[in-house]
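# Coordinate analysis (summary)
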Amino acid sequence: MNLEEIVQAVEFLPTYMPEDDIKCLYKYANLVKDGLIVDVGTGWGKSMLVLALSNKKNQVITCDPGDYPIAMNWAKDIEEYTQKIEKIIMDFDLKSNIQFFPDRAEDFTDRLVEGADMIHFDNWPEISGVDTTDLLKEYIDQLLYGGYFLARNYGRGDRQAYTDSVDKATEDLRKIETIGLITVFQK
């Protein structure tokens, strides 16, 4: 799918993601060739879907315990949340491209048995005001040399602790650019 088709395809999902964020995910998913993309913070599935539709030759693995979508009454519990995410995957015929795990980010790195070509790390309220340097470093350690680390909501004034954590965790990476709310680093 091209970018415009993807923007239209994901607009039904009830989450805030500016078009520039979609452009960024699209751009970097297409720089990965037959690789592994890790999406931390599935939420309503928009980033997961954009990453998978952008380049179907890549594999996307994604995790989220569904706390926020459940709190916002999108799903009543983790079972319904998991069913809704799996339905999105099936509706877009992406079962062979996406693996979803209803896990917390802290527990998910154990599932990463091979290096990732790209990691998209979405920010959520519980980590906005705390030091998450060690967690971010665990993910960056899973990134292959030359791979991309995309930090969503980096630099936002209301998320200074998260931004400081990203800065510490990425000190050995090269900052490439910011597109929309996503800042891109390369290992």
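Starting afresh in each chain, residues are numbered from 1 along the sequence in its written order. Residues qualify for local features only when their pLDDT is at least 70, as the model is predicted, and side-chain atom pairs are given and counted only at 80 or more; totals for whole chains, interfaces and linings, by contrast, use all residues. Hydrogen atoms and water are omitted, and side-chain values are computed over all heavy atoms in the structure.

Glancing now at the nonpolar core. Of all hydrophobic cores here, the largest spans 37 residues; its most connected members are Ile 22, Tyr 28, Ile 85, Met 118 and Leu 150. The element contributing the most residues to this core is helix 3 (residues 46–54), with six residues. In this view, Tyr 28 contacts Met 118, Tyr 148, Leu 150, Ile 176, Glu 177, Ile 179 and Val 184; residues no more than four positions away in its chain are not counted. Side-chain atoms within 4.5 Å link the members of a nonpolar core, which is a set of buried Ala, Val, Leu, Ile, Met, Phe, Trp, Tyr and Cys residues. Partly exposed describes any residue whose relative accessible area lies between the buried limit of under 20% and the exposed limit of over 50%, with all areas from a 1.4 Å probe on protein chains only and scaled to the type maximum. Among the nonpolar cores identified, the runner-up in size contains 25 residues, and Phe 101, Ala 116, Leu 135 and Tyr 154 belong to it. Numbered from the N terminus, helices here are DSSP runs of H or I no shorter than four residues, and strands are runs of E no shorter than two. Working rule for contacts: check all heavy atoms of both residues, and any pair within 4.5 Å makes them a contact.

It is worth spelling out the sheet that holds strand 3 (residues 98–101) at this point. What holds strands together in a sheet is hydrogen bonding between their backbones, with the strands either parallel or antiparallel. Strands sit in the order 3-2-1-4-5-7-6 across an open sheet of seven strands; the sheet is mixed. Because the sheet does not close on itself, it has two edges, and the strands there are strand 3 and strand 6 (174–179). Each adjacent strand pair in this sheet contributes to an overall mean axis angle of 15°, direction not counted. By the convention used here, strands pair only if DSSP detects at least 2 bridges between them. Of the pairings in the sheet, the one linking strand 6 to strand 7 (residues 182–186) comprises five bridges and is antiparallel in character. Among the inter-strand pairings, Glu 177 is bridged to a residue of strand 7, identified as Val 184. For every element, the axis is a line fit to its C-alpha atoms; helices are fit only across the contacting stretch, and the angle between N-to-C directions ranges from 0 to 180 degrees.

Let us now look at unusual backbone geometry. Unlike most non-glycine residues, Asn 73 shows phi in positive territory, near 65°. The exposure class of Asn 73 is exposed, given its relative accessible area of 69%. Backbone geometry at Asp 93 places phi at a positive 55°, although glycine is not the residue there. Tracing the chain through its elements places Asp 93 in the loop between helix 5 (78–91) and strand 3. For Asp 93, a relative accessible area of 62% gives the class exposed.

From the geometry alone we can't say anything about function, so treat these as descriptive.
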